[in-house]
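# A structural walkthrough
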Amino acid sequence: MVTEATAGSANGPDEPPLAPVVRVDLPAPPAFGRGSGDPGVALVTIDRPAVLNALDAAVLSGLAAAFRRLDADPTCRAIVLSGAGTRAFAAGADIKGMVDATPATIETAGGFEHWETISAVGLPVIAAVRGFALGGGCELALQCDLIVAGDDATFGQPEIKLGIIPGAGGTQRLTRAVGKARAMELILTGRSIDAHEAERLGMVSVVVPAEETLDRALELAGRIAAMPPLAVRSAKAVIAAAQELSLAEGLRIERRVFVDLFATEDQHEGMTAFIEKRQPHWTGR
Ligand code: CAA
């Protein structure tokens, strides 16, 4: 099934159609054009290349609707998030739509609920970043579980140059990703960094040749999609909890989830397949 946002059915029958600025392909196209595409991998594309995929209200609500729908789709096992074109993943929140905002209007129209929906998705999400990932674009990439960065990628939180601060998690997630000293320098100066520096700082999982970015992200998503889905969701949730909790609380949750997975068919199948020296067949139960 290929769901184009413009076709108007991406949200399911009871929800309004996605904005045409967000495209959803499930299954995603095959990595490197080989094979038929992994049936469990979805590709979500921000599609406003003329403005470097700037995140306006339509993009944010479209992303939230797409993620909500994919998270509820049992055929979907992993999501790759990308920006249309080669120049940008996303160059941040749409500045033209914010210039005349007031505290009251930004509070209601800032799309904060959409950011929360995006970060609450239980499926693993891989950002495929080419070009600019700035401001909200950097924050969106940091919300993803893994970042595959092309060697043409640029990351940064330039909000300070606009008289504001990051408003979609940058002060918190960047600080957790790279530490206080580096986050302070990047956010207080608004300096952008290239893909290799981002990798050295621990922000990105891997840097790849620019033109391979999407294919390498799709390949990685395919490898994750081939894993038992309940264990994948569980691992993501517990790792995410490590950002929020004390070590003792995190270890308690890890133990609980580890124990609970022994109630699943996939645990029995995975261990039986190992003993029988065959490939496991996952049911997601
Ligand atoms: N919002 C709206 N439009 C944007 C945009 C943004 N964030 N970023 C780029 N664009 C538009 C430009 O206005 C331009 O449109 P026009 O052709 O109609 O003028 C088009 O995209 C191409 O951009 P440039 O001509 O500027 O391209 P460039 O190569 O010279 O520069 C850039 C690229 C360095 C990324 C530059 O566009 C730039 O600095 N963009 C803004 C980056 C930024 O400050 N992001 C943070 C936004 S605030 C935020 O995100 C808050 C938050 O925490 C949620």
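Here is what the cut-offs are and how they apply
Residues numbered from 1 in each chain as written. Predicted model: local features only at pLDDT ≥ 70, side-chain atom pairs only at ≥ 80, totals over all residues. Helix = DSSP H or I, 4+ residues; strand = E, 2+ residues; numbered from the N terminus. Expected span 1.5 Å × (residues − 1). Buried ≥ 20, exposed ≤ 12 C-beta atoms within 10 Å, placed from the backbone. Contact = placed C-beta atoms within 7 Å. Pairing = 2+ DSSP bridges. Domains from an automatic or database assignment. Axes fitted to C-alpha atoms, helices over the stretch in contact; angles between N-to-C directions. Parallel < 35°, antiparallel > 145°, perpendicular 65-115°, else oblique. Left-handed = near helix turned anticlockwise from the far one by under 90°.

### Digging into helix H9 (residues 229-242)
Taking 1.5 Å per residue, 14 residues should reach 20 Å; H9 reaches 20 Å between its end C-alpha atoms and fits that length. By the burial criterion, the buried members of H9 are Pro-229, Leu-230, Val-232 and Ser-234. Those residues of H9 that are buried are in contact with helix H8 (213-225), helix H10 (247-260) and helix H11 (265-275).

### Some remarks on the pairing of strand E5 (residues 125-129)
Most of E5 sits out of view: 5 of its 5 residues are buried. Alternating residues of E5 divide into Val-125, Ala-127 and Val-129 and Ile-126 and Ala-128, and every residue in both groups is buried. Sheet analysis places strand E3 (residues 78-83) next to E5, joined by 4 bridges and oriented parallel. Bridged to Leu-81 within E5 is Ala-127.

### What about the domain arrangement of the protein chain?
Taken domain by domain, the protein chain consists of domain 1 (5-225) and domain 2 (229-275). The gap between the C-alpha centroids of domain 1 and domain 2 is 26 Å. If you look at the interface, domain 1 gives 6 residues, while domain 2 gives 6 residues.

### Some thoughts on the environment of Thr-283
Tracing the backbone shows Thr-283 in the segment after H11. The exposure class of Thr-283 is exposed, given the 12 C-beta atoms found within 10 Å. Separated by 55 residues in sequence, Thr-283 and Pro-228 have C-alpha atoms that sit 7.7 Å apart. In contact with Thr-283, not counting residues within four places along its chain, are Glu-265 and Asp-266.

### Quick notes on the packing of helix H1 (residues 57-71) against helix H3 (residues 112-119)
It is at 9 Å that the axes of H1 and H3 come closest, and there the two elements cross at 30°. Comparing the axis directions of H1 and H3 gives the class roughly parallel. Here H1 runs over H3; the crossing is left-handed. Here H1 contributes Leu-60, Ser-61, Leu-63, Ala-64, Phe-67 and Arg-68 to the contact with H3, which in turn contributes His-114, Thr-117 and Ile-118.

### Re the sheet that holds strand E6 (residues 132-134)
Pairing is mixed in the open sheet, where 4 strands are placed in the order E4-E6-E8-E9. Two strands lie at the open edges of the sheet, namely strand E4 (88-90) and strand E9 (192-194), each paired on one side alone. Strand-to-strand, the axes of this sheet are offset by a mean angle of 20°, without reference to chain direction.

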